[in-house]
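# Overview (structure and organization)
One letter stands for each residue in the lines below.
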Amino acid sequence: MKPQLDDLPPNPYLSTDDQRQLELAQSASANLAQRLSRGNRNLRDCPIRTEFLRRNSERDAVPPMMLMLGSGGGRGGDVRLKLYLSLLWASPGGKHDTEFVATDWAQLLGLPRYSTNGKRRVYEALSWLATHRFIEKQERPGRPSTVIVLHESGLGAPYAKPSSRTAKGKAPTYRRLQSSWWTNAWLAAMSGRALAFWLVLMDESNNGAKADAVWLSEGQTSKKYAISPYLRQRAMRELKHYGLITARREFTREAFGVKSSRTRISIHLDELDRSPIARLE
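Here we summarise the structure given alongside this text. Since the structure is predicted, the reported quantities are computational estimates derived from the model, not experimental observations.

## A closer look at the packing of aromatic side chains
For the structure shown, the criterion picks out seven aromatic pairs. Note on tryptophan 89 and tryptophan 182: the rings are 4.5 Å apart at their centroids and 5 degrees apart in plane angle, and the pair reads as stacked. Taken together, the residues span a long stretch of sequence, with tryptophan 89 in helix α4 (residues 75–90) and tryptophan 182 in helix α7 (residues 180–183) at a distance of 93 residues. For the pair formed by tryptophan 89 and tryptophan 182, the shared burial category is buried.

This is the structure:
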């Protein structure tokens, strides 16, 4: 029997015992944000090319985001996706590189036992990302490796800011993940599948700029983004639990009495301004 949306737990990896873990992640994010802003008032959001999110065609293999996450959205995929996006956000320099230590990344992602097991999981994720050509690692004896972020396609091409390749007057070929996903510890609190589906919603709504709700069927989600109905259900359940979306299924009549359903999803961007830690109190 297919599980129903309200029967699924919001996040099997998060409980009220994780408040300290989220507080550490928020503290790490604040430190990183201060370095990135360099005294500027506005902290940049993370630009992500649409080709990272979407299939090129219906017959294509899964897009890079779902390759990274894995079809089941498991914990290894969680770390890979969150770490890669964090590297994108945190390395805006000329070579798009960073040299922070693995324990810092583990704390930023809210991994338990960040200085031991969490650090090991970060190393495993970095190895996977390097093997699949999303990053390049340059070893430095006695010092943290230099990590250079590569193009989101996973083809090993050098990274360039998406905005620099957008022709004047043309629509942007990228979406943005809000910096509050890090600074308010949303990245640490949410699962990778919820993060992935949020990015889908940012794609469908032009970064939340569309006033109307998003109409997105299970078939569209699978065809365009390679996200299965089951993974979509779990992601939506989690986003609803934290107040980031509301969703309602509506049925429509087509020709000759055929009925179909679509899900109307409203996005609540303002909810990102608070921390999910409040939900644990």
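## What about the packing of α4 against helix α6 (residues 117–131)?
Contact pair α4 / α6: the axes reach a minimum separation of 9 Å and the direction vectors enclose 75 degrees. On the basis of their axis angle, the class for α4 and α6 is roughly perpendicular. Between α4 and α6, the contacting residues are Arg75, Val79, Arg80, Leu83, Tyr84 and Leu87 on the first element and Arg121, Val122, Ala125, Leu126, Trp128 and Leu129 on the second. For the contact of α4 with α6, the class distribution of residues is nine nonpolar, no polar and three charged.

## Section: the pattern of salt bridges
Side-chain pairing between opposite charges can occur once the charged atoms of the two side chains come close. Per the counting criterion, the structure on display carries 10 salt bridges. The partner of glutamate 139 in a salt bridge is lysine 137, and the shortest N-O contact between them spans 3.8 Å. Of the residues examined, glutamate 139 reaches a relative accessible area of 58% and is grouped as exposed. Aspartate 203 is paired through a salt bridge with arginine 175; the nearest N and O atoms lie 2.9 Å apart.

## So, helix α11 (residues 229–241)
Between its terminal C-alpha atoms α11 stretches 18 Å, which fits the 18 Å expected from 13 residues at 1.5 Å a residue. Those residues of α11 that sit buried are Leu231, Arg232, Gln233, Arg234, Ala235, Met236, Arg237, Glu238 and Leu239. Positive phi appears at glycine 243, one or two residues downstream of α11, with a value of about 80 degrees.

## Looking at the pairing of strand β1 (residues 46–49)
Burial along β1 is two-sided: Cys46 and Ile48 and Pro47 and Arg49, pointing in opposite directions, are all buried. Where β1 meets strand β5 (residues 174–177), four bridges bridge the pair, whose relative direction is antiparallel. Each residue of the ladder has a partner; that of isoleucine 48, found in β5, is arginine 175.

## Topic: the nonpolar core
Counting residues in hydrophobic clusters, the biggest one holds 66 residues, and the most contacted among them are Phe52, Leu85, Leu177, Trp181 and Phe197. Phenylalanine 197 has contacts with Leu216, Thr221, Ile227, Arg232, Ala235, Met236, Leu239 and Ile265, leaving out every residue within four places of it along the chain. Ala25, Ala188, Ala189 and Ile277 belong to the second largest nonpolar core, which has five residues in total.

## Regarding the sheet that holds strand β4 (residues 143–149)
Strand order in the open sheet formed by three strands is β2-β4-β3, and the pairing between neighbours is antiparallel. Edge positions in the sheet fall to β2 (97–98) and β3 (135–140), since each has one partner strand and no second. Pairing analysis gives five bridges linking β3 to β4, with the strands arranged antiparallel. Pairing of lysine 137 across the sheet is with valine 147, part of β4. Relative to the sheet, α4 contacts β2, β3 and β4, its axis offset from that of β4 by approximately 85 degrees. Its contacts with the sheet place α6 against β3 and β4, and it is angled at close to 120 degrees to β3.

Parameters and conventions
Residues numbered from 1 in each chain as written. Predicted model: local features only at pLDDT ≥ 70, side-chain atom pairs only at ≥ 80, totals over all residues. Heavy atoms only, no water. Phe/Tyr/Trp six-rings, centres within 6.5 Å; stacked < 30°, edge-to-face > 60°. Helix = DSSP H or I, 4+ residues; strand = E, 2+ residues; numbered from the N terminus. Buried < 20%, exposed > 50% of the residue type's maximum accessible area, 1.4 Å probe, protein only. Axes fitted to C-alpha atoms, helices over the stretch in contact; angles between N-to-C directions. Parallel < 35°, antiparallel > 145°, perpendicular 65-115°, else oblique. Contact = heavy atoms within 4.5 Å. Nonpolar A, V, L, I, M, F, W, Y, C, P; charged D, E, K, R; others polar. Salt bridge = Lys/Arg side-chain N within 4 Å of Asp/Glu carboxyl O. Expected span 1.5 Å × (residues − 1). Pairing = 2+ DSSP bridges. Core = buried A, V, L, I, M, F, W, Y, C linked by side-chain atoms within 4.5 Å.

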